[in-house]
Amino acid sequence: MLHYRGLKLRLHPQVYEPAEDTFLLAENLDVREGDFALDMGTGTGIIALLMAKKAESVIGADINPTAVELARENAGLNGVENVEFRLSDLFEGIDEDEKFDLITFNAPYLPGKPEEPIDMALVGGERGREVLDKFIGEAGHYLRPGGRIQIVQSSITGVEETLEKLENAGFKAEVTAKKHLFFEDIVLIGARLIHGAG
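Model, not experiment: these values are computed from the prediction.

Chemist: Describe the overall build of the protein chain, with residues and values.
Modeler: Scanning the protein chain for helices and strands turns up 5 helices and 9 strands. In terms of C-alpha radius of gyration, the protein chain reaches 15 Å, essentially the compact-globule figure of 16 Å for 198 residues. Expressed as lengths along the three principal axes of its C-alpha atoms, the size of the protein chain is roughly 40 × 35 × 30 Å. Expressed as a percentage of the 198 residues in the protein chain, the buried residues total 51%. A sequence separation of at least 24 residues applies to 63% of the contacts in the protein chain between residues at least 6 apart. Each charge class in the protein chain can be summarised by its mean position, and for the 20 positive and 35 negative side chains these summaries are 5 Å apart.

In structure tokens form, the structure reads like this:
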């Protein structure tokens, strides 16, 4: 059991356990009163549950069915009712009519192929950024005008490349926080959809 900012969270060996990257996002969440928010790759549900304290409603999505079940359990454990968890490969389980003010994504970044469910939280494709690039290409369609995204990624997978791709997808983007770990920086990128893009 993990205790964090008033939340109690059950953990599971096949679900990514909140770590430095999670807490970097948690400490810098750009959620506002009345937001409709989406937490992509929700894992234990920690970010979605933190956002639910301010947001009007939150959807947490994950490709790992064990994560979705665990996140639902954690919502129940904390009595949070304005959050819904869905099984979804990126935006597959999200309707394009559902527009959000904020989308968060702690992106997988290791190169390779996932072997088991937990790997999907860490392994981002052959170059390590295929999942992130797909997310950037699609996110704008699910945001309201002026909507925001927050992405956590590692310096291993090219922060400049991410900023460039966000700009090309119609966002104004910048690094808003970073934390140095052994051989990498964990970086938080904040981006706002410029009206009319996406």
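Text resumes after the structure shown.
Chemist: Talk me through the nonpolar core; I want residue IDs and the actual numbers.
Modeler: Residues I46, L49, M51, V58, V83 and F85 are the most contacted members of the largest nonpolar core, which totals 32 residues. Per element, the largest residue contribution to this core is 6 residues, and it comes from helix α2 (residues 46–51). Contacts of V83, omitting those with residues within four sequence positions, involve A48, L49, V58 and A75.

Chemist: Go over helix α5 (residues 159–168) with me, naming the residues and quoting the values.
Modeler: Restricting attention to buried positions, one finds in α5 the residues V159, T162, L163 and L166. Projected onto a plane normal to the axis of α5, the buried residues spread over an arc of 100 degrees and lie on a single side. Seen from the open side of α5, the exposed residues pointing more than 90 degrees away from its buried face are E160, E164 and N168. Elements in contact with the buried residues of α5: α4 (130–139), β7 (143–154), β8 (171–181) and β9 (184–193). A positive backbone phi angle near 95 degrees is found at G170, which sits one or two residues after α5.

Chemist: How would you explain the side chain of S154 if you had to name every residue and give the values?
Modeler: Looking at where S154 falls in the secondary structure, it is placed in strand β7. Residues in contact with S154, not counting those within four places in the same chain, are Y109, V159, E184, D185 and I186.

Chemist: Requested: an account of the pattern of salt bridges, with residues and values cited.
Modeler: Across all of its chains, the model carries 13 salt bridges by this definition. Residue E20 pairs with K179 through a salt bridge whose shortest N-O separation is 3.0 Å. Taken together, the residues E20 in helix α1 (residues 20–27) and K179 in strand β8 connect sequence positions 159 residues apart. A relative accessible area of 36% places E20 in the partly exposed class. With relative accessibility at 33%, the residue K179 sits in the partly exposed group. Its salt-bridge partner being R32, residue D30 comes within 3.3 Å of it at the nearest N-O pair. You can call R32 partly exposed: its relative accessible area is 43%.

Conventions and cut-offs
- Residues numbered from 1 in each chain as written.
- Predicted model: local features only at pLDDT ≥ 70, side-chain atom pairs only at ≥ 80, totals over all residues.
- Heavy atoms only, no water.
- Helix = DSSP H or I, 4+ residues; strand = E, 2+ residues; numbered from the N terminus.
- Rg over C-alpha atoms; globule rule 2.2 N^0.38 Å.
- Buried < 20%, exposed > 50% of the residue type's maximum accessible area, 1.4 Å probe, protein only.
- Contact = heavy atoms within 4.5 Å.
- Lys, Arg positive; Asp, Glu negative; His and termini not counted.
- Charge placed at Lys NZ, Arg CZ, Asp CG, Glu CD.
- Core = buried A, V, L, I, M, F, W, Y, C linked by side-chain atoms within 4.5 Å.
- Arc of directions from axis to C-beta.
- Salt bridge = Lys/Arg side-chain N within 4 Å of Asp/Glu carboxyl O.

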